[in-house]
Amino acid sequence: MNKLFPDAATALEGVIANDMLIAAGGFGLCGIPERLLDAIRDSGVTGLTFASNNAGIDNEGIGKLLRTKQVAKMISSYVGENKEFERQFLAGELEVEFCPQGTLAERMRAGGAGIPGFYTKTGVGTEVAKDKEHKDFDGETYILEHGIFADLAIVKAWKADETGNLVFRKTARNFNQPAATCGKVCIAEVEEIVPVGELSPDEIHLPGVFVQRLVLGAPYDKQIEFRTTRERVTA
């Protein structure tokens, strides 16, 4: 089975549609599937729900799709760097399901493992627990969280072989691994594709069985959300 597609737009053919739930890897601007997000924007689909740690920043990451009003709902844990997100949410134009960061990762992992739900103490007594089932275990209260079963997963990896085995680089591993497992179809964009057998089994972070389509996205312009520097002090 040939998993390699010539570009992101081609990789999305036949799997992208209006009103989808998409699980997206990345944390801030680190490890986000930039090429696939651009291709989703250019496809013109609307009514999308994104499960992602955050919504990027203005005009970067998922923020590009917020600008074009293609996102109807965000399931995310952090949104503080995106002014357009804030504006749409406060104006009632965007539905938001806030989810603690660890809970969001576990919801993706659970979906990938076929687990429909799990109980957690995180969020008990807060707005996060509103309208959720509560249950006591050994005198402690927990809330029920549902696994995420996405229509499509889009992730970014550092290296892949031709069968889709993936290696993530350093902190770019973040949400990419759990997101990849919870989609009916997973598309990975990568910086480098190597022949089968070149990756050591011990360095593979995600087995190729979870990945249906691959696209080479390089070269990338590594972006930084905030560049903090200090004046050089002369000795």
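*Asks:* Quick rundown of empty space enclosed by the protein? Include the residues and the values.
*Replies:* Taken as a whole and assessed by the stated rule, the structure comprises two cavities of 30 Å³ or more. Volume-wise, the largest cavity comes out at about 70 Å³. Along its surface, the largest cavity is lined by 14 residues, and G28, I32, S52, N54 and I62 are the ones closest to its centre. Of the residues contributing to the lining of the largest cavity, the split by class is seven nonpolar, seven polar and no charged. Taken as a whole, the second largest cavity holds about 40 Å³ of empty space. Along the wall of the second largest cavity there are 10 residues; nearest its centre are N54, G56, Y78, V79 and E81. Here the residues of the lining of the second largest cavity are counted per class, giving four nonpolar, four polar and two charged.

*Asks:* Could you give an account of the side chain of Q88, with specific residues and numbers?
*Replies:* Examined against the element boundaries, Q88 turns out to sit in helix α4 (residues 83–90). Accessibility expressed as a relative area gives 1% for Q88, which makes it buried. Q88 has contacts with L66, K69, E93 and L94, leaving out every residue within four places of it along the chain.

*Asks:* Describe the packing of aromatic side chains, listing the residues and the values that go with them.
*Replies:* Per the counting criterion, the structure on display carries three aromatic pairs. Pairing F89 with F98 gives two aromatic rings, centres 6.0 Å apart and planes at 85°, and the pair type is edge-to-face. Judged by its relative accessible area of 40%, F98 falls in the partly exposed class. Look at Y119 and F137: their rings are 5.3 Å apart centre to centre, the planes differ by 65°, and that puts the pair in the edge-to-face class. Here Y119, found in strand β6 (residues 117–120), pairs with F137, found in strand β7 (residues 134–137); they are 18 residues apart in sequence, far enough to count as distant. On the basis of relative accessibility, which here comes to 31%, the residue Y119 falls in the partly exposed class. The class of F137 is partly exposed, set by a relative accessible area of 32%. Sitting over the face of the ring of W158, K159 holds its NZ or CZ atom 4.5 Å from the ring centroid.

What counts, and at which threshold
- Note that residues are indexed from 1 along each chain, following the sequence as it is written.
- This being a predicted model, a pLDDT of at least 70 is required before a residue's local features are given, and a value of 80 or more before pairs of side-chain atoms are given or counted; all residues contribute to the totals for chains, interfaces and linings.
- Side-chain numbers here rest on the full set of heavy atoms in the structure, without hydrogens or water.
- Only protein atoms enter the 1 Å grid, on which a cavity is a set of points fitting a 1.4 Å probe that cannot get out and a pocket is an open set with protein on both sides within 12 Å along at least 5 of 7 lines, lining residues being those with an atom within 4 Å of a point.
- Grid points are joined across faces, edges and corners, and a volume is the space filled by probe spheres set on the points.
- Note that Gly is not counted as nonpolar here; it falls among the polar residues with everything else outside the nonpolar set of Ala, Val, Leu, Ile, Met, Phe, Trp, Tyr, Cys and Pro and the charged set of Asp, Glu, Lys and Arg.
- In this text, helices come from DSSP runs of H or I with a minimum length of four residues, and strands from runs of E with a minimum of two, each type numbered from the N-terminal end.
- Relative accessibility under 20% of the residue-type maximum defines a buried residue, over 50% an exposed one, and the middle range a partly exposed one, all with a 1.4 Å probe and only protein chains included.
- Residue contacts follow a heavy-atom distance rule, with two residues in contact if any of their heavy atoms lie within 4.5 Å.
- Each Phe, Tyr or Trp ring, with Trp reduced to its six-membered ring, pairs with another whose centre is within 6.5 Å; inter-plane angles below 30 degrees give stacked pairs, above 60 give edge-to-face pairs, and intermediate values give tilted ones.
- A positively charged side chain is recorded as over a ring if its NZ (Lys) or CZ (Arg) lies within 6 Å of the ring centre. The angle to the ring normal must also be within 35 degrees.

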